[in-house]
Amino acid sequence: MSSGFAALCLLLLHTGALGFGILPGNSLNHQEITEKAILNSTLQVCRALAQAEGTDFTFPAQPFTAKAVAAACGAPKSSKSFRQAIRFITLRNIRVDIRHALNASFHFDDEMFVQGREIITAGILAVKASNKQENFEAARQKVGEILHPLQDFYSHSNWVEVGNKLPNSNLIKSGTSIGNIADKSRATCRNCVGDDCRNNILRDVIEEKVLTSGYFAVVPFVSTKPKGKCSHGGAVDQTSSIEPAGGINKDTFSASHGHLHTDAANLAIAATSSLLVDIREAAGDRPFLQMLGISKGSSKALCFVIDTTKSMSDDIAAVRTVTSSIINSKVGTEDEPSVYILVPFNDPDFGPAIKTTDPKVFQTAIKSLPAAGGGDDEELSLSGLQLALSMAPSNSEVFLFTDAPAKDKLLKSTVIALIERTQTVVNFMISGSTVLNRGEQRISSSDAKLYRDLAQASGGLAIEVKKSELPAATSIITESSSSSLVTLLHTARSPGKTDTFYFIVDETVTNLRVYITAGSVTVTVISPTGESQQSKDTTGSLITASHSVGNFKTLQLKTQPGRWTIKMVSSDPYTLNVKGQSPIDFLFDFVEASQGPLTGYDSLDTRPRAGVNGSLLVSLTGSDSATVTEVTLVESSGSEEIKGVVVPQGSGNFLVHFDMMPLVAFVVRVKGQDDSAASRASSIVFQRQSSTNFRASNLTIFADSNSIMVPGTPFSVPFSAMTSGVAGNFTIRATNNRRFASTFPTNLFLETGISDNDTVTLSAPLNTPSGADVTMTIEVEAPGGEDTNYVVLRFSIVNTVTDFTQPVCELLSLQSNCSVSCILSMWKLSVKVTDGADGTGVERVSLRQGNGTLISSPAAGNENITLISYNSSCCSPDVELLVVDQVGNVGTCMYTYREGSSAASSTKVLQLPLLCSSIVVLHILTQLGIH
């Protein structure tokens, strides 16, 4: 991003020029609007599931929080991933104001109603396709992007002023009328009188309910505002001084139509909820919750990347054993993984990947792994890892099994980029002491260093064992699959040295464990009371269990709150990890922030800039009362620290400013306190640390593009690069996880401080399924390879859709023998569901309301017809069918039988197309006390 454009964005954000505000204040902002709608919608889904399962459901106390909602949904272990999903969606929403600041279509400015609606409806198609393929990260990304224009419609148009009390349901439907849009030549506003803009919209526009929106421009004397049109308004909007002067936006209470801010914000909440209802009904309740990070078990993924060459048969057997153990012991519990991922690799191939929520499918896939081939020593391990990192949810843990060096070492920087962006821990299980016929080890020390470096970058372990020792080493997998794991300390020393480390254990931590990799090391632990014990001492009380295999040592410590000390003595390189289980943890993103009372920020897809100031956005999880007291950037392999200035943002969010980003690799450490339990004599003081190591860079790279690809159509991604260091010829690399064909420049000559631009072109094959996604990494590397930066982008792939018509129902018959005693009598319904001659076909029919038995079957010889049979007790006289076609168009059909009429004539049938979800949502919000 050029400095001029960045400055412009920051100016706009200072003034709240483009939409509901971004940061906390008296006015409702995009973050609050989005979060309220997500929390409300999630509760409704969980209540519906509880009712369907016959279990009780209790709404949490208001104001709702992610922690309370996850608990109400029976998924308390999903609190962190739910909070993370909400964060991701809101940050993508906010990004629209920064990345698309001057594109009127994204804000419904300049009467761009048709164009704005196209952005929303195209995005909805992508979300539905992604959810169908269980690509929930891509779905979340697109949800955030389309919520911004949807919400801005109510602030920037005159929808509120003409008297509408419900959202415009046609904004989320293609091929419908948005409303009576003003002609380009029709005047819509008059001058405001002084500072009062209450009555500046023309009377005839109000009476005829003509739809208009404000025009907006930031450059003086360069306005496209036609004569007589309304302006957006505000100090930055240069059209607001052109007659008719003033504005109509309702972004804040102080805006031109600020007296209507609350009405506009509440309609934006209802519209957001309405869109979420549409997505939910297309996906189904459980997939919808998964999109939002909520699952019945743990939010963690179980992810294996496995070498399948012939020498790995013993390793694969060990994986089968540990997988069976985890699945058998954790399915149905709070520790059950939310998703299972398997990526095989060998040479010359890797994949295909298996990603499933069904543990039986996962077990079958592992049992089916072959162990064959592998003529040379090297395998495509990093290609397999790249694929896994792009598929796994953020903050996952990956286990890679191999006994061979990497053939694709050039992917090291790409893998590190994905590790940093996803904050995923990668553990390498290296059984590389297999001796070949010629008497050589397959993995040399230098080959193993690549795996050690990647493990260290991610906060994982490089466990090196003999083949016979591997089953004993897999205990780490079982322990890591436990939910609510937090990192208290992660550090490394290479070369090894004697050093002392400290970490804090709070009252919420249980199952305290130390993990060490080293050739030879002496470990001494010292408790908060001063008691000490060496790891080889079996008589002390601090170490309750210990285990060693290969270069891997694990210690289980007596869980005692306070400040612990660990002394490490070794001349060999070593890593040290301390972990425990606790509900309290943190999320964070590097952000670009402006300065001032209304700070705007955009989350980075790149490394932050080195040697200059920078910012983090930190959110606490697992407690609604905890607060951050200190955030520090700690040198990964040393003792240097840089403390930040913490600025609370409300709702458990904290913006942290640093005077300088480190020039060396670092981790993020957070300290805080929690006063939640009134029975405690004092606050809980806690400390958490990131597992992932990060780096800053003297290089900046920026790329942005439409996030929807069409198979068979070349897709352009413009990017820019700049260096603040020495000028020269910089290497460019662009890779993607699907091996799609791409073209890009291999180098750029950069002068210091001057940005240069180029383009990556990517093509998805015609047979790419709709709903697939692709992750692309663009890297820029300085001469000599001493500095690199990257940008990681995710694109949804959506086939062209021409079916925008919802399925419809036709009543075939309704019969009953209902009598005075409804318990002893039944009624029966037969319905034909069709998707039209040009439709994509009915995918699913389910009950939205009703307690009877539903049976559906496709009609013989016609894919577009589904026959429905429904039987119910006469005590349940109403039924509502939810009908979804192959591309996610949703229809509902309601039927009712009432006692007291003959079966032939009594049936009162209502055939409804898609119910006005806005009405449903408004009713929900009213129930929840949101007006």
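Note that the coordinates shown come from a computational prediction; the quantities given were computed from them, not determined experimentally. (Residues numbered from 1 in each chain as written. Predicted model: local features only at pLDDT ≥ 70, side-chain atom pairs only at ≥ 80, totals over all residues. Heavy atoms only, no water.)

Would you mind showing me how to read the confidence of the model for the chain here?
Predicted coordinates in regions of low pLDDT should not be interpreted in detail. Counting all residues, the mean pLDDT for the chain is 88, and 90% of those residues have values of 70 or more. For the chain, strand 43 (residues 908-910) is the element with the lowest average pLDDT, namely 33, and strand 2 (residues 210-211) is the one with the highest, namely 98. Across residues 1-18, confidence stays below pLDDT 50; counting only partners more than four residues off in sequence or on other chains, it has 44 contacts. Across residues 900-931, confidence stays below pLDDT 50; counting only partners more than four residues off in sequence or on other chains, it has 63 contacts. (pLDDT = per-residue confidence, 0-100. Helix = DSSP H or I, 4+ residues; strand = E, 2+ residues; numbered from the N terminus. Contact = heavy atoms within 4.5 Å.)

What is the right way to read the sheet that holds strand 8 (residues 462-464) from this model?
Sheet strands pair by backbone hydrogen bonding; their relative direction is either parallel or antiparallel. As summarised here, the arrangement of the six strands in space is 5-4-3-6-7-8, forming an open sheet in which the pairing is mixed. Edge positions in the sheet fall to strand 5 (354-356) and strand 8, since each has one partner strand and no second. Pairwise comparison of adjacent strand axes, ignoring direction, gives a mean angle of 15 degrees for this sheet. Pairing between strand 7 (residues 425-430) and strand 8: three bridges, direction parallel. (Pairing = 2+ DSSP bridges. Axes fitted to C-alpha atoms, helices over the stretch in contact; angles between N-to-C directions.)

Explain the pairing of strand 12 (residues 522-526) to me, please; I cannot follow it from the model alone.
A regular strand places its side chains so that they alternate between the two faces of the sheet. In terms of burial, strand 12 is largely enclosed, as four of its five residues are buried. The pairing of strand 12 with strand 13 (residues 532-534) spans three bridges and is antiparallel. Across the sheet, residue Val-525 finds its bridge partner in strand 13, namely Gln-533. Count of turn residues in the strand 12/strand 13 antiparallel hairpin: five residues, of which Gly-530 carries a positive phi of about 100 degrees. (Buried < 20%, exposed > 50% of the residue type's maximum accessible area, 1.4 Å probe, protein only.)

What should I look at first to understand the sheet that holds strand 33 (residues 756-763) in this one?
The antiparallel open sheet is built from four strands, whose spatial order is 27-29-33-31. Two strands close off the open sheet at either side, each with one partner strand: strand 27 (699-703) and strand 31 (741-743). Here the strands of the sheet are splayed against their neighbours by 25 degrees on average, with no regard to which way each runs. Note that strand 27 and strand 29 (residues 715-723) share five bridges and pair antiparallel. Pairing of Thr-700 across the sheet is with Met-722, part of strand 29.

In this structure, what is going on with the packing of aromatic side chains? I would like to understand it.
Aromatic ring pairs are described here by two measures, namely the spacing of the ring centres and the angle between the planes. The full count for this structure, using the stated rule, is 22 aromatic pairs. Residues Phe-113 and Phe-153 carry aromatic rings whose centres are separated by 6.1 Å and whose planes lie at 75 degrees to one another, so their mutual orientation is edge-to-face. In this pair, Phe-113 sits in helix 5 (residues 113-132) while Phe-153 sits in helix 6 (residues 136-156), placing the two residues 40 residues apart along the sequence. Phe-153 matches Phe-113 in its accessibility class, with the two residues each being buried. (Phe/Tyr/Trp six-rings, centres within 6.5 Å; stacked < 30°, edge-to-face > 60°.)

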